[in-house]
Amino acid sequence: ARRAAAGGLRVIISTGDNSTGMFTQGTNATALNTGSVTIGDLDLGWFTPSPTFGEYEAAQLGFGVASWGDALSQVVNYGQITTGNGTVGAASRMYAPGYGYTAQLLQNADGVIITGDNSTGALVAGNYSSTLANEGRITVGNDSIVVDITAGSVTLRRDDATATVIEGVLYASNSGI
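K.L.:
Hey, could you run me through the overall build of the chain in this one?
P.N.:
Within the chain, the secondary structure is distributed over one helix and 17 strands. Whereas a compact globule of 177 residues would reach a radius of gyration of roughly 16 Å, the chain reaches 17 Å, a difference of no more than 12%. Seen through its principal axes, the chain has C-alpha atoms that stretch 60 × 40 × 30 Å. Taken over 177 residues, the chain has a buried fraction of 41%. Nonlocal contacts in the chain, meaning residues at least 24 apart in sequence, comprise 70% of its contacts between residues at least 6 apart. Per element, the accessible surface of the chain, about 9,100 Å² overall, is 52% carbon and sulfur. In the chain, 7 positive and 14 negative side-chain charges are present, and the distance between their average locations comes to 11 Å.

K.L.:
Sorry, what's going on with the packing of aromatic side chains here?
P.N.:
The description of two aromatic rings rests on the distance between their centres and on the angle between their planes. One pass over the structure, following the stated rule, counts three aromatic pairs. Seen from their ring centres, Phe63 and Trp68 are 6.2 Å apart, and the 90 degrees between their planes marks the pair as edge-to-face. Taken individually, Phe63 and Trp68 each receive the classification buried, so the pair is uniform in this respect. Geometrically, the ring pair formed by Tyr101 and Tyr128 is stacked, given 5.7 Å between the ring centres and 20 degrees between the ring planes. A residue pair is termed long-range when its members are at least 10 positions apart, and Tyr101 in the loop between strand S8 (88-94) and strand S9 (102-107) and Tyr128 in the loop between strand S11 (120-126) and strand S12 (129-134) qualify at 27 residues. An aromatic cluster of three or more residues is present, and its members are Phe23, Phe63 and Trp68. Between the NZ or CZ atom of Arg93 and the centre of the ring of Trp68, over which it lies, the distance is 4.1 Å.

K.L.:
I'm lost on the nonpolar core in this one. Help?
P.N.:
Here is a general trend for soluble globular proteins: nonpolar side chains tend to be buried in one another's company. Core analysis: the biggest nonpolar cluster contains 15 residues, and Val65, Val75, Ala90 and Leu105 have the highest contact counts within it. For this core, the elements supplying multiple residues, two or more each, are strand S4 (22-33), strand S6 (63-77), S8, S9 and S11. Phe63, Ala66, Trp68 and Ala91 belong to the second largest nonpolar core, which has six residues in total.

K.L.:
Sorry if this is basic, but what is going on with the environment of Gly21 here?
P.N.:
With respect to the helices, strands and loops of the structure, Gly21 is situated in the loop between strand S3 (12-14) and S4. As a C-alpha pair, Gly21 and Ser119 span 98 residues in sequence and 15 Å in three-dimensional space. Setting aside its immediate chain neighbours within four residues, Gly21 contacts Ile13, Thr15, Val37, Ile39, Phe63 and Gly64.

The rules behind each value
Residues numbered from 1 in each chain as written. Predicted model: local features only at pLDDT ≥ 70, side-chain atom pairs only at ≥ 80, totals over all residues. Heavy atoms only, no water. Helix = DSSP H or I, 4+ residues; strand = E, 2+ residues; numbered from the N terminus. Rg over C-alpha atoms; globule rule 2.2 N^0.38 Å. Buried < 20%, exposed > 50% of the residue type's maximum accessible area, 1.4 Å probe, protein only. Contact = heavy atoms within 4.5 Å. Areas by Shrake-Rupley, 256 points an atom, 1.4 Å probe, with all protein chains shown as cover. Lys, Arg positive; Asp, Glu negative; His and termini not counted. Charge placed at Lys NZ, Arg CZ, Asp CG, Glu CD. Phe/Tyr/Trp six-rings, centres within 6.5 Å; stacked < 30°, edge-to-face > 60°. Lys NZ or Arg CZ within 6 Å of the ring centre and 35° of its normal. Core = buried A, V, L, I, M, F, W, Y, C linked by side-chain atoms within 4.5 Å.

Below you can see the structure in the form of structure tokens.
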């Protein structure tokens, strides 16, 4: 970490390939970035499931900043997130699809997300609602998605004869560049 001009600490997170910079998970999970997060490329060509590293662990790789919540999930970006090819810059989603309430990704005017090729800049996936409020900048490479926002679910639970359908609500605001 290094000192910011205002006298506070500016946290710098830097990792290599096949990694995640910042990851939160819990009932009400929030990831706040006010510094700089940088990760490399994601290439799971090396991946072979094993007792110590399975699909669950591999699914948590390739995110600059990510938050997976049981009820609420949010990513707040006031800093810079830079990721390589095949990655997701910032992601806020429910831990278990079909459960939970809301996911939101908030980025102020100082927030910047930059990804490589074949990547997604911002991913928001809630159950009842999803919110993306972008006042900053999101830049992606070739063959990439700038924003992927979804809400709602159809879940067939064990011992139920009919599926549970939740019609989610989307809110997207972009006043950034």
